[in-house]
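Take a look at the letters that make up each chain.
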Amino acid sequence: MSRWGVLRDRWFRRFWFAETVSETGGAALAVALPVLALDSLGASDAEWSYISAARWVPYVVLGLVIGALVERRRRRPVLVVTDLVRGVLLVSVPVLWWADALSLWTLGAVLVAFGTVTLGNDAASQSMVPRLVARHRLVEANARLDQSATVAGLLGQPVGGALARAFSAPAAVLVSAVGYLVSAALVWQVRVAEPPPPRDRLRWRPFVADAADGLRWAYGHRMLRPLALSTHVWFLCQGIAVTVLPLLALNELGLNAFQLSLVFASAGMAGLVGALLAVPVGRTWGAGPTVAAARGLTAVAWGTVALTPAAGATAWDGVAWAALSVLVAGQALNGLAMGTENANEMGYRQAVTPDRLQSRTNSVLRSTNRAALLVGALLGGTVVVPLAGGYRGALWVAAAGFAVTAVGLALSPFRRARH
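Criteria and thresholds
- Residues numbered from 1 in each chain as written.
- Predicted model: local features only at pLDDT ≥ 70, side-chain atom pairs only at ≥ 80, totals over all residues.
- Heavy atoms only, no water.
- Helix = DSSP H or I, 4+ residues; strand = E, 2+ residues; numbered from the N terminus.
- Buried < 20%, exposed > 50% of the residue type's maximum accessible area, 1.4 Å probe, protein only.
- Lys, Arg positive; Asp, Glu negative; His and termini not counted.
- Salt bridge = Lys/Arg side-chain N within 4 Å of Asp/Glu carboxyl O.
- Contact = heavy atoms within 4.5 Å.
- Patch = residues over 30% accessible without salt bridge, like charges linked within 9 Å, V, L, I, M, F, W, Y side chains within 5 Å.
- Areas by Shrake-Rupley, 256 points an atom, 1.4 Å probe, with all protein chains shown as cover.

Which residues make up the side chain of R349, and what values do they have?
Among the secondary structure elements, R349 is positioned in helix α12 (residues 321-352). Summary of buried charges: R349 has no salt-bridge partner, and the nearest side chain of opposite charge, E345, is 4.3 Å away. Not counting chain neighbours up to four residues away, the residues in contact with R349 comprise Q126, L224, N362 and L365.

I'd like to hear about the pattern of salt bridges, residue by residue, with values.
Summed over all chains, the structure comprises four salt bridges. A salt bridge links E341 to R295; the shortest N-O distance between them is 2.9 Å. Taken together, the residues E341 in helix α12 and R295 in helix α11 (residues 287-306) connect sequence positions 46 residues apart. Here E341 and R295 have matching classes, each one buried. For R295, the salt bridge goes to E345, with nearest N and O atoms at 3.2 Å. Placement of R295 in helix α11 and of E345 in helix α12 is noted, with a sequence separation of 50 residues between them. You'll find R295 and E345 in the same group, each marked buried.

Give a description of a nonpolar patch on the surface that names residues and reports values.
A grouping of V57, V60, V61, L62 and V112 is seen on the molecular surface, where their side chains present a nonpolar patch of about 350 Å² in accessible area. Considering each element in turn, the nonpolar patch owes the most residues, four residues, to helix α3 (residues 57-71). Tracing the backbone shows V61 in helix α3.

Given below as structure tokens:
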């Protein structure tokens with residue numbers, strides 16, 4: 001299919017571009033949120049933990065229900081509507097800020113609503129890929145999506161950081177909103193054959209049955225069960241790590257918004273390399289060894305971040321070059337690991353899951369993963385940091401958890417998984 005591979009398909013290419021645009025908006029949001037909460041609104045460590053967790057609450061409360069709802073609807077309209085709603089919700093943040101009506105409570109409420117529609121978008125997006133490309137090209141398709149997501153991070157994070165520093169964090173949030181609105185317009189143009197929704201789509205009983213089917217498949221499959229359990233622990237540790245990182249960078253090391261965006265962008269640059277390596281490495285090693293090795297590298301990455309030295313006297317805008325370099329190196333290793341892992345994990349799971357179970361399985365696993373992320377985010381700034389003796393101690397706890405996920409997966413039947 002030439003060097004362009006799966007991108008030769010017109011409709012997948014348009015879907016891929018839409019995902020890239022929305023990921024760019026999400027990358028800008030990842031920088032803008034901690035700056036908005038910690039600097040502009042003066043959130044404490046505990047308050048930042050609550051704000052960081054707010055967007056994941058719907059995954060815990062509504063995950064199975066929304067997954068069943070998405071299963072009963074064509075996926076393209078769901079993607080369009082949820083992108084539109086996400087854009088409108090994010091537009092409300094700068095509007096409230098400029099009206100002097102934005103508080104931590106209102107920001108949290110917006111993020112809960114944002115997380116609710118993102119849950120629907122995620123379920124539809126992951127389930128859309130197997131309808132656009134053949135199963136034997138799923139790893140390649142997911143690798144292309146990962147590559148574009150990392151490029152989006154390289155663009156969106158520095159842009160978000162520069163806007164937050166030059167103007168304000170709400171200005172960066174506005175850029176994120178535009179990304180989601182443009183994505184909605186692009187997805188609307190995608191043409192894909194989708195079966196008509198079932199007639200009983202509004203009855204409650206089928207929702208319960210669908211959720212049970214998703215649970216049975218995700219945790220009953222010999223290969224998917226250890227992968228799912230390992231991934232849940234991974235997300236718990238991720239919740240701790242990504243909550244503590246901005247606290248370390250902004251509160252202790254004194255990074256500004258643009259410098260924090262460079263740290264995030266280093267993960268994006270390395271993630272692009274990882275996404276480029278995902279297909280050849282996965283085909284050579286197999287899905288199981290690739291995912292297990294990547295999770296081991298994630299443990300090394302966050303251990304490196306935990307070794308970040310304190311800012312010294314010779315500093316750039318108050319941050320020592322040594323500290324910034326270690327943060328960048330740690331996040332680069334993290335990006336490399338995630339870029340290599342994700343396409344192999346998703347490609348394998350999508351390939352072994354029947355089309356009728358795609359949304360249900362995705363929703364079950366995403367809901368549980370985000371529940372673990374929510375718990376990790378809540379515990380990160382409120383419990384783990386005090387008990388571990390500070391930000392670096394909390395990051396060591398997360399690194400140890402990542403190491404456990406790697407070892408557990410390497411000892412499970414999933415180590416034999418092949419594409």
